[in-house]
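The residues making up each chain are set out below.
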Amino acid sequence: MSAAAALRSPRPQVADPVTVAVIGTGAIGRDLVSKIDRSPALECLLVAGRNPESAGLRYAESLGYATTAGGIEALLAAPRPFDVVFDATSAASHREHWRLLEPLGTLVIDLTPSKVGQMVAPTVTGASTTGRNVNLISCGGQASVPVVHALAASFPVTYFEVVSTVASEVAGRATRMNLDEYVATTGHAVTTFSGVSDVKAILNISPAVPPATFRTAVHARIADADAAAVRAVVDRVAEQVRSFAPGYRVIACTAAGDLVTITVEVTAHSDVLPPYAGNLDIINSAAVMVAEQYATRPDRAARTGVAS
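What counts and what doesn't
- Residues numbered from 1 in each chain as written.
- Predicted model: local features only at pLDDT ≥ 70, side-chain atom pairs only at ≥ 80, totals over all residues.
- Heavy atoms only, no water.
- Helix = DSSP H or I, 4+ residues; strand = E, 2+ residues; numbered from the N terminus.
- Expected span 1.5 Å × (residues − 1).
- Buried < 20%, exposed > 50% of the residue type's maximum accessible area, 1.4 Å probe, protein only.
- 1 Å grid on protein atoms, 1.4 Å probe; cavity = no way out; pocket = protein on both sides within 12 Å on 5 of 7 lines; lining within 4 Å.
- Points joined across faces, edges and corners; volume = space filled by probe spheres on them.
- Nonpolar A, V, L, I, M, F, W, Y, C, P; charged D, E, K, R; others polar.
- Axes fitted to C-alpha atoms, helices over the stretch in contact; angles between N-to-C directions.
- Parallel < 35°, antiparallel > 145°, perpendicular 65-115°, else oblique.
- Contact = heavy atoms within 4.5 Å.

1. Describing helix H9 (residues 179-194)
No. 1: Here H9 is 16 residues long and its end C-alpha atoms lie 22 Å apart, about the 22 Å a rise of 1.5 Å per residue gives.
No. 2: Residues Tyr182, Thr185, Thr186, Gly187, Ala189, Val190, Phe193 and Ser194 constitute the buried set of H9.
No. 3: Gly195 sits one or two residues past H9 and shows a positive phi near 80 degrees.

The structure is reproduced here in structure tokens:
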């Protein structure tokens, strides 16, 4: 077992793993495949991309998985629907993928900021789902939503600003294509899970060398803020998030007047990602957790309409 695998939470044991497919073979798709490979609850049957020379397809092949450069069309041509499809492409592509996959009864786990499906942040919403399209918001959303939700539940917050910084090396083509959607979806999630309407979301792509470790700063306006009380709330949040993303930690928590700033850093615990790629690690870890929870549902066959 790798060091990364040893640090992960215990995996659910299921007699009948769910069948899964992955669309998208960039860095996020490659890490997804590595995490699926370690899960006894998930059985990867296909990894689909568009570029036959992509590193993601080569990696999946090295693990013995079926691969295709035929994209979504290859999934649709499969002999039977997959129980779960992970979409690691772009927000625009996901909208079309969902239109094609919805009639099949598949659980679609969306790692793009498309804002189409049910938003999930595991420690806030739980990982169990009621719908068949699950949206993981964004990397910044996964890092910040637990914090803003807890702060808003504990203090009179009037404003939130969420600023995430990712290393340029792990901000691929889809991430750069999705910048507008990232900002809109992250801001929407902050409002949805905090009840605060005055919010701002920002994403910085850092060209720093060595690459910057993924960080998210949450700025909040809280009247008469008490730094110790805020820190206690945030520390509880971080402990909960570490149950599925062990590299999540609070590195700063300050209060000056009514301005509170919390900075969290996420180090990737992955077989294929560099440590600074915590943005990919946290959203993939959340996605796999959702799929594993689905695998334990006794009604999953009835929900998909096909035997698992």
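2. Quick word on the layout of surface pockets
No. 1: Its volume calculated, the largest pocket comes out at about 960 Å³.
No. 2: As for the largest pocket, its lining consists of 41 residues, of which Gly26, Ile28, Ala88, Thr89 and Ala174 are closest to the centre.
No. 3: Among the elements of the structure, helix H2 (27-37), helix H3 (55-62), helix H4 (71-76), helix H5 (91-101), helix H8 (173-177) and helix H11 (278-295) are those that each provide at least two residues to the lining of the largest pocket.
No. 4: For the lining of the largest pocket, the element with the most residues is H8, which contributes 4 residues.
No. 5: Each residue belonging to the lining of the largest pocket can be placed in one class, and the counts come to 19 nonpolar, 18 polar and 4 charged.

3. Section: the packing of helix H7 (residues 139-154) against H11
In a packed pair of helices, the relevant descriptors are the angle between the two axes and the axis-to-axis distance.
No. 1: Following both chains from N to C, one finds H7 and H11 inclined at 75 degrees, their axes separated by 8 Å at the closest point. In terms of their interaxial angle, H7 and H11 are classed as roughly perpendicular. Mapping the contact onto sequence places Cys139, Gln142 and Ala143 in H7 and Asn279, Ile282, Ile283 and Ala286 in H11.
No. 2: Class assignment of the residues belonging to the contact of H7 with H11 gives a composition of 5 nonpolar, 2 polar and no charged.

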